[in-house]
Amino acid sequence: MSLNRIILETDSPYFVPSGVQRDVSLPGDVAYVAAKVAELKGVTVESVLAANLESVEHVYKIRPQ
């Protein structure tokens, strides 16, 4: 299952993840998106987040410090 073209996002601030007790979604809720992708693809959350970071670095030409 290739994840080499994935960039995760949330529908912040409009759609709060299921089970979260607040009125708005936050950018950090992307972890919930990563968990769902991992579940659907049958891979680890860590591999989804790593693939996401690689894609972000490629698309936006940035490197984390």
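Here the structure is shown first, and the text comes after it.
Residues numbered from 1 in each chain as written. Predicted model: local features only at pLDDT ≥ 70, side-chain atom pairs only at ≥ 80, totals over all residues. Heavy atoms only, no water.

Visitor: Can you break down the environment of G28 residue by residue, with the values?
Guide: Among the structural elements, G28 can be located in the segment before α1 (30-41). Note: C-alpha distance between G28 and E9 (19 residues apart in sequence) is 9.4 Å. (Helix = DSSP H or I, 4+ residues; strand = E, 2+ residues; numbered from the N terminus.)

Visitor: Explain unusual backbone geometry to me, using residue names and the numbers behind them.
Guide: For K61, which is not a glycine, the phi torsion comes out positive at approximately 55°. In this fold, K61 is placed in the segment after α2 (45-60). On the basis of relative accessibility, which here comes to 66%, the residue K61 falls in the exposed class. (Buried < 20%, exposed > 50% of the residue type's maximum accessible area, 1.4 Å probe, protein only.)

Visitor: Describe in detail the pattern of salt bridges, supporting the description with residues and values.
Guide: On inspection of all chains with the given rule, the structure shows three salt bridges. Between D29 and R22 there is a salt bridge; the shortest N-O distance is 2.9 Å. Across the pair R63 and E57 runs a salt bridge, and its minimum N-O distance is 2.8 Å. (Salt bridge = Lys/Arg side-chain N within 4 Å of Asp/Glu carboxyl O.)

Visitor: Requested: an account of the nonpolar core, with residues and values cited.
Guide: Counting residues in hydrophobic clusters, the biggest one holds eight residues: L3, I6, L8, A34, V37, A38, V48 and A51. It is α1 that provides the largest number of residues to this core, a total of three residues. Excluding its chain neighbours within four sequence positions, the residues that come into contact with A34 are L8, V45, V48 and L49. (Core = buried A, V, L, I, M, F, W, Y, C linked by side-chain atoms within 4.5 Å. Contact = heavy atoms within 4.5 Å.)

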